[in-house]
Amino acid sequence: MNFLRPMAIVAAGLLLASGATAQVSLTPPAAESKPAPKKEAPKEKKAPVAAKKPAAPAATPKPAATPTPSVTAAPAPVFEDPNVDLVYGAYQRGMYKTAFDLAVTRAQYNGDPKAMTMLGELYENAMGIKRDYAKAAEWYKRAADAGDREAMFALAMMRLAGRGGPVNREEAVKLLASSAKLGNPKAAYNLALLYLDGQTLPQDVRRSAELLRVAADAGNPEAQYALATFYKEGNGVPKDPDKAVRLLQAASLAGNVDAEVEYAIALYNGTGTPKNEAAAVALLRKAARQNSPIAQNRLARVLVKGLGVPIDKIEGFKWHIVAKTAGKGDPELDEALAGLSPEDRARVEAAARKWLGTK
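Rules used throughout
- In this numbering scheme, every chain counts its residues from 1 along its sequence in written order.
- Reporting of local features is limited, given that this is a predicted model, to residues whose pLDDT is at least 70; pairs of side-chain atoms are given and counted only at 80 or more, and all residues count toward the totals for whole chains, interfaces and linings.
- Water and hydrogen atoms were dropped before computing side-chain values, which therefore reflect all heavy atoms in the structure.
- Under the DSSP-based scheme used, a helix requires at least four consecutive residues in state H or I and a strand at least two consecutive residues in state E, with every element numbered from the N terminus.
- Working definition of accessibility: Shrake-Rupley area with a 1.4 Å probe, residue cover restricted to the visible protein chains.
- Buried, partly exposed and exposed residues are distinguished by accessible area as a fraction of the type maximum, computed with a 1.4 Å probe on protein chains only: under 20%, between the cut-offs, and over 50%, respectively.
- In what follows, a contact means two residues having at least one pair of non-hydrogen atoms within 4.5 Å.
- One less than the number of residues in a helix, times 1.5 Å, gives the span that helix is expected to have.
- Any Lys or Arg side-chain nitrogen located within 4 Å of an Asp or Glu carboxyl oxygen qualifies as a salt bridge.
- Working definition: a ring pair exists when centres of Phe, Tyr or Trp rings (six-membered ring for Trp) sit within 6.5 Å. Plane angles under 30 degrees give stacked, over 60 give edge-to-face, the rest tilted.
- Here, over-ring charges are defined by two tests on the NZ atom of lysine or the CZ atom of arginine: distance to the ring centre within 6 Å, and angle to the ring normal within 35 degrees.
- In plain words, nonpolar cores are sets of buried Ala, Val, Leu, Ile, Met, Phe, Trp, Tyr and Cys residues tied together by side-chain atoms within 4.5 Å.
- Every residue is assigned a pLDDT by the predictor, reflecting its confidence on a scale from 0 to 100.
- Note on geometry: axes are lines fitted to C-alpha atoms, helical ones only across the stretch in contact, with angles between N-to-C directions running from 0 to 180 degrees.
- Roughly parallel means an angle under 35 degrees; roughly antiparallel means over 145; roughly perpendicular covers 65 to 115; every other angle is labelled oblique.
- Working rule for handedness: look at the near helix, and if it is turned counterclockwise from the far one by less than a right angle, call the crossing left-handed; if clockwise, right-handed.

Student: Just to check I follow, could you spell out the overall build of the chain for this structure?
Tutor: Each helix and strand in the chain was counted, giving 16 helices and zero strands. When the accessible surface of the chain is summed, it comes to about 22900 Å², and 55% of that surface belongs to carbon and sulfur atoms.

Student: Explain the environment of Tyr91 here, please?
Tutor: Mapping Tyr91 onto the fold places it in helix α1 (residues 86-92). Owing to a relative accessible area of 17%, Tyr91 belongs among the buried residues under this scheme. Separated by 27 residues in sequence, Tyr91 and Met118 have C-alpha atoms that sit 8.8 Å apart. In this structure Tyr91 touches Tyr96, Ala99, Met118, Glu121, Leu122 and Met127, once residues within four positions along its chain are discounted.

Student: What should I look at first to understand helix α13 (residues 293-305) in this one?
Tutor: Think of an α-helix as turning once every 3.6 residues; residues three or four places apart then point the same way. A rise of 1.5 Å per residue sets the reference length of α13, with its 13 residues, at 18 Å; its end C-alpha atoms lie 18 Å apart and thus fit the reference within 8%. Within α13, ten of the 13 residues are buried, which leaves it mostly tucked inside the rest of the structure. Listed in full, the buried residues belonging to α13 are Ala295, Gln296, Asn297, Arg298, Leu299, Ala300, Arg301, Val302, Leu303 and Val304. The secondary structure elements touched by the buried residues of α13 are α11 (257-269), α12 (277-289), α14 (313-325), α15 (331-338) and α16 (342-356). Positive phi shows up at Gly306, right after α13, with a value of about 65°.

Student: Whenever I open this one, unusual backbone geometry confuses me. Can you help?
Tutor: The general pattern is negative phi for most residues beyond glycine and trans for most peptide bonds. The phi angle at Ala126 is positive, at roughly 55°, despite the residue not being glycine. Its location among the elements puts Ala126 in the loop between α3 (113-125) and α4 (133-145). Residue class for Ala126 comes out partly exposed when judged on its relative accessible area of 33%. Its identity is not glycine, yet Asn291 carries a phi of approximately 70°, on the positive side. Relative to the assigned elements, Asn291 resides in the loop between α12 and α13. The class of Asn291 is exposed, set by a relative accessible area of 52%.

Student: Just checking my understanding: could you explain the environment of Lys286 for this structure?
Tutor: For Lys286, the location among the structural elements is in helix α12. In the structure, Lys286 is positioned ten residues away from Gln296 in sequence and 9.6 Å away in space, judged by C-alpha atoms.

Student: Quick question: what am I supposed to make of the pattern of salt bridges here?
Tutor: Any two side chains of opposite charge can pair if their charged atoms end up close together. One pass over the full model with this rule turns up 20 salt bridges. Linking Glu277 and Lys275 is a salt bridge whose minimum nitrogen-to-oxygen distance equals 3.6 Å. Across the salt bridge formed by Asp330 and Arg301, the nearest N and O atoms sit 2.8 Å from each other. Pair noted here: Asp330 is in the loop between α14 and α15 and Arg301 is in helix α13, with a separation of 29 residues, a long-range link. Here Asp330 and Arg301 have matching classes, each one buried. Via salt bridges that share partners, Arg301, Lys305, Asp330 and Glu332 belong to a single interconnected network.

Student: So what exactly am I meant to see when it comes to the packing of aromatic side chains here?
Tutor: For any two aromatic rings, the description comes down to two numbers: the centre-to-centre distance and the angle of the planes. This structure, assessed with the given rule, holds four aromatic pairs. On the basis of an interplanar angle of 20° and a centroid distance of 6.1 Å, the ring pair of Tyr88 and Tyr91 is categorised as stacked. Residue Tyr88 and its partner Tyr91 are both found in helix α1; the two are separated by three residues, about one turn of the helix. Take Tyr88: its relative accessible area is 41%, and that puts it in the partly exposed class. The interplanar angle of 85° and the centroid separation of 5.6 Å between the aromatic rings of Phe100 and Tyr123 together place this pair among those described as edge-to-face. A residue pair is termed long-range when its members are at least 10 positions apart, and Phe100 in helix α2 (residues 96-110) and Tyr123 in helix α3 qualify at 23 residues. In this arrangement the basic side chain of Arg163 is found over the ring face of Tyr133, its NZ or CZ atom lying 5.7 Å from the centre. The cationic tip of Lys275 hangs over the ring face of Tyr268; the distance from NZ or CZ to the ring centre is 5.2 Å.

Student: Could you clarify how one ought to interpret the nonpolar core in this entry?
Tutor: Ranked by size, the top nonpolar core spans 93 residues in total, and within it Leu176, Leu191, Leu212, Leu299 and Val302 carry the most contacts. With nine residues, helix α5 (residues 149-161) is the single largest residue contributor to this core. Beyond its immediate chain neighbours, meaning those up to four positions away, Leu191 contacts Val173, Leu176, Ala177, Leu201 and Leu211.

Student: Just to check I follow, could you spell out the confidence of the model for the chain for this structure?
Tutor: Predicted coordinates in areas of low pLDDT are best not read in detail. Residues with a pLDDT of 70 or more make up 76% of the chain, whose mean pLDDT is 82. Counting contacts from residues 5-84, a segment whose pLDDT is below 50, to residues more than four positions away or on other chains yields 35 contacts.

Student: Help me out: how do you make sense of the packing of α14 against α15 in this one?
Tutor: The relative placement of two packed helices comes down to the angle between their axes together with the axis-to-axis distance. Running from N to C, α14 and α15 cross one another at 130°; their axes reach a closest spacing of 11 Å. Here α14 lies oblique to α15, going by the angle between them. Seen from above, α14 lies across α15 with left-handed handedness. Residues Phe317, His320, Ile321 and Lys324 of α14 form the contact with α15, whose participating residues are Leu333, Asp334, Ala336 and Leu337.

Student: Would you explain the side chain of Ser292 in this entry?
Tutor: Considering the arrangement of structural elements, one finds Ser292 in the loop between α12 and α13. Those residues in contact with Ser292, other than ones at most four positions away along the chain, are Val257, Val261 and Ala287.

Next up, the structure:
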């Protein structure tokens with residue numbers, strides 16, 4: 001039943017994208033060896049009895065030898081590993097002021113582009129230091145000139161937004177292209193969007209699809225979702241529902257909420273994948289709890305009508321009200337809600353208020 005219709009492609013905005021298997025050694029068992037034949041123990045020979053000698057005068061006893069103390073190996077001195085990134089370690093632990101101080105030292109005395117990029121991020125996001133877009137752009141620029149692809153991407157996004165200086169789309173495109181060429185999937189994804197919108201660059205859907213494929217192959221979930229919509233509709237690539245579903249699945253597993261909704265719909269309808277209504281509803285629940293109005297609306301429909309799941313009108317209409325509050329109305333569900341008894345309607349409204357955090 002194609003009850004849940006796939007939703008249309010929504011133009012993506014530019015996003016600043018913000019990831020070990022143990023080896024088991026199997027040792028073969030030792031080869032069995034036959035027991036060696038027993039040998040008779042040699043008979044003890046009695047020592048000849050020596051003639052008794054006259055007793056020697058008692059000598060002063062020698063002091064007992066002092067036992068040699070066992071040698072305990074002293075622990076090897078621990079040296080600081082020069083390969084450990086102390087700057088990033090401090091940043092990860094939320095010690096932003098420490099990260100800032102360490103990065104300043106490393107940038108000034110070692111000319112480290114990674115430290116320069118860190119300084120740009122700290123200034124841009126007001127971490128351990130007062131926000132200063134101009135200084136952030138300056139540090140990003142120095143790191144980008146030194147070849148750091150993350151700095152190229154960050155500076156490109158600042159140039160597109162006009163932070164730390166005037167808007168400069170031409171420079172932004174060059175920076176994104178350089179960063180993407182160095183293997184940055186976020187840069188490839190955002191450059192693909194610029195080719196898609198046709199404003200900053202001439203629209204080129206095929207080139208956009210190529211860049212999305214680069215980013216998707218590198219594991220970028222936003223690119224995987226966007227490329228899935230291309231394969232689904234046949235934009236810039238041959239139409240291929242199977243590839244679309246595989247990309248939706250990958251993006252869904254990576255936590256992309258839009259992909260979760262689309263993959264759930266594909267599972268529910270059996271489009272490009274075996275039909276699995278239970279798995280589809282589970283994904284819709286997950287996306288609904290992540291505040292996707294589309295997922296909330298679809299979940300409301302299946303719960304109210306019992307499509308693949310037991311009927312649960314209270315829960316279903318709760319999600320309908322929540323989705324409607326977010327702008328995803330449904331006249332058919334409005335009509336069904338009006339037919340509830342006053343008691344059930346009160347229970348639905350109380351459940352919706354509890355989810356929305358209102359009294």
